[in-house]
Each structure stands twice: as C-alpha cells, then as structure tokens.
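Given next are the chains, with one letter for each unit.
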Number of protein chains: 2
Amino acid sequence: MSTYTNAPYHHGNLRQALLEAALIILEKEGQNGLGLRDLARAVGVSAAAPYRHFDSRAALLEALAVTGFQRFSAAMEAVASTEPAQPMAAMGKTYVLFALDNANLFRLMFSPELKRDNRPGLRMAADAAFDTLRQAVGGDQRSGRIKALAAWAKVHGLAILLLDGQIALRAGEDTEALIAEIIGGL
Amino acid sequence: MSTYTNAPYHHGNLRQALLEAALIILEKEGQNGLGLRDLARAVGVSAAAPYRHFDSRAALLEALAVTGFQRFSAAMEAVASTEPAQPMAAMGKTYVLFALDNANLFRLMFSPELKRDNRPGLRMAADAAFDTLRQAVGGDQRSGRIKALAAWAKVHGLAILLLDGQIALRAGEDTEALIAEIIGGL
DNA sequence: TCCTATATGTGAACAATGTCAACTTACACC
DNA sequence: GGTGTAAGTTGACATTGTTCACATATAGGA
C-alpha cells in the first residue's frame, strides 16, 4: 500500500497528478477551459494516458466534484465542532465563503452537466456533505424541516448570486459584512 | 420594416426560426446538447448559415438568455400588476415556478459560461428583470435593502435546489405547497 | 535470476464540433 | 433591368473527446 517513495509507477502517480493539475486549471479557466488534452499536456503525458485512470472527461469532472464535496464537508464539520453560539449563522457564513473561495469548483459541484442521478459516487458525496448541515441544524424533526430548508435555500442562493456578481456592493461595503447581515436572521 | 408576408428572405425568417428551434432543443437536451450543426440541421439549413445571424455559438446562447430574462420579467410584472396581498410571497412563488417550468432556460440565464461582464445586452436584460423585482419589493431605501437581498437569495436558492433535485419531497408532498411554506415567511 | 502476465503510457487514427473563406443565389432598389 | 449586398452553401481547418493497436515497465512466481 504505502511505499517509501511516492512515485509508484512509470510516470509517477498519474491519477493524483491529474486531479491536482485539473483543480488548478479548473479554478483558473473554468469548467469549459478544462480540456483533457491540455490537462495531459500540463502533466507531461500523452493525450490518451488519462483514460487509464478515468473513463471519460465526465468521470474526471465527477472525481473533481467529489473532492469538492469532501472539502466542503470538512469545512462544515470544522465550524460545527467549534460549537458556536449561533450554529446556523456560523455555518451559513462558512458555506458562502467556501463558494467564494472555490468559485469554479463550487459551480462544478452543482453543474447540471453532472447529472447526479447517474452518478452514485457524486450523489453520495453530496448527501454526506449536506447531512453534516442537516445534523447541525436539526432539520430532522418535522417541525424544523421547513426552517432548515429555508435557511439552506437562503445561503445557497446568496452564494450563487455573489458568485455571479449579481449582488452589487455599495461604496466602501465589505463582502463579509454584507454576508453576515443577510444571513444574520437565521 | 414590416412586410405582409412573414418570410422576408431566402429561406424564411432564419433568425427567428433558429431561436425558436434552439429554445426547444435547449429545453429538451440542455445547454451542452445544443450544437450549432444540429440546430442548423433542425431548421433545414447549412451548418454555416447561422453565422449570418449570430457571431458565434456563445452569441446564440446569449440571445436565448436574453429572451429568457424578458419572459421572466414579463411573468414578474404580470404578478405585480395583480397587486396581491403579499407581494413578495407572490413574486417569490412565480420566481420559483418560472425556474421549474423553464429549467434549462433558467440555468442558461445564470450560466457562468455567459460572463455578463462581456455581454452588455445580457447584463441589461438581467438588470431590467431584477429591477422589476426591486421595485415591487421596495429595496431601494437603505432600510429595505438587506431584507430585499435576503428574500432574493432565499427564492433564488430554493429555485436552484429544486431544479437540481436536491430537495427531496416527502411522501404525498406537493411541490407547490412546499414552495409556499418555505417562502411564506417573507 | 529470469519470465511472463498485467498495469501503465504512446501514437495514430476517427468522428464531431465551432468557425472561416470563397463562392453562389436572390432580393431590394436606383 | 442591372447591380450591390444580404443570405445561404460548400468545403476546408484546427481542435476535441475517444478508441485501438502497440510499446514498456513493473510485480511476483518459476
């Protein structure tokens, strides 16, 4: 399993190298700027090589989205473990900041081109991430469910609108402060 | 300008025909399933013909998004002109239902691939649509702004989460009722 | 230590796509 | 009626995702 050197095969650990390079390209160029050939070139490998590790470009994107959900989940758990005074507000802020800090990865996670129905791995990763949310928010009981869904919608919508530059900041206004104000009433 | 027959040129009114066919294909196949060549084939015209009316595929998509915003705007104004008892709730419901009824068009309107910065036409159409919202909601005064943004985020997020099938309905639960419940507290 | 099965990477090819340039057609208008 | 120009066609190009036949390096048993 774990060897001393981290370069097990021919060219090194290609799968990992591909994912890492892909994340960088994705964040810089966006989902459509991430081509398999460019990616292969960036890693210094032939255009067909990635197919030994991913069935298709879509599968590569799915793998990226899965790691995205894992990071997202980790960020959420980190906040929850803090046991903040206002759990929902704290997690909401983290939610939005994660989206802003990982813009294209976040967009990929919710990309319609990755139909979650056909991708059990992605579905599971997404569900796991949101379960973290649900637990902290207590949306399991019938009473809290509507409130939890409403909070989720608000936070998710805020993230997307900010990402799209749809919410214009006023002069001297701070993004983080605005987020806090909007989320405040949770 | 306006002629008796509505088939001004060679093949008929291509631009309009393209847009109409594109809307149908878009709703059925999604943004990535909408190829220029397929579209041209569907209208019965050569692959290069669309370039007489749209600079690029992106320009075609932009035109589609613009008509999307116009329809959206119209739906909003229609509701507002009703002068409902709860303006925000009524418009919110319309907002979400529009998204569900025009899933792929709605997604296109907010597609990151259409950077609104570089597309004044799209930006204007979007702003016009949201202005309708802002007016009805009264988010111009400093006091109401946060509340208006929060409502917008909530509604937009709800639309997207429902579109993605992320919010699971419980047994015997009605989508529209759930929307009303979640939006209720505006 | 050698041999072989197998995992990994290469190279050349394919079909499909967006796009463009040169050419043709048909309408509008003087 | 002749001509300029808008609208459509044909054929080409580069690029992309993907595949197949081939090459190579590694692992693990003989």
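What counts, and where the lines are drawn
Residues numbered from 1 in each chain as written. Chains lettered and ligands numbered in written order. Predicted model: local features only at pLDDT ≥ 70, side-chain atom pairs only at ≥ 80, totals over all residues. Heavy atoms only, no water. Near = heavy atom within 4 Å. Polar contact = N/O pair within 3.5 Å; in protein donor to acceptor, adjacent residues only side chain to side chain. Helix = DSSP H or I, 4+ residues; strand = E, 2+ residues; numbered from the N terminus. Nonpolar A, V, L, I, M, F, W, Y, C, P; charged D, E, K, R; others polar. Least-squares fit on C-alpha atoms with pLDDT ≥ 70 in both. Contact = heavy atoms within 4.5 Å.

You'll find chain A entered in an unreviewed UniProt entry as DNA-binding transcriptional regulator, AcrR family, with Devosia crocina given as the organism.

Inspection of the region around DNA strand D gives 21 residues, with R37(A), Y51(A), R57(A), S46(B) and R52(B) positioned closest. The sugar and phosphate moieties of DNA strand D supply 50% of its atoms located within 4 Å of the protein. Interatomic distance of 3.1 Å between a backbone N/O atom of L36(A) and a phosphate oxygen of DNA strand D. The contact in question runs from a phosphate oxygen of DNA strand D to an N or O atom on the backbone of S46(B), over 2.6 Å. When residues in the surface near DNA strand D are grouped by element, the largest group, three residues, is from helix α2 (residues 36-43) of chain A. Of the residues contributing to the surface near DNA strand D, the split by class is eight nonpolar, seven polar and six charged.

Here chain B sits on chain A after a turn of 180° about the axis and a move of 0.1 Å along it, with an RMSD of 0.0 Å. In the structure described here, the two chain copies are related by an operation that fits a two-fold rotation axis. Mapped onto chain A, 100% of the interface residues of chain B are again interface residues, and the two copies thus contact each other with one and the same surface.

Close contacts around DNA strand C come from 21 residues, with S46(A), R52(A), R37(B), Y51(B) and R57(B) the closest. For DNA strand C, the fraction of protein-proximal atoms (within 4 Å) that sit in sugar or phosphate groups is 52%. A distance of 3.1 Å separates a phosphate oxygen of DNA strand C from a polar atom in the backbone of L36(B). In the model, a phosphate oxygen of DNA strand C is placed 2.8 Å from a nitrogen or oxygen of the R57(B) main chain. When grouped by side-chain class, the residues that make up the surface near DNA strand C number eight nonpolar, seven polar and six charged.

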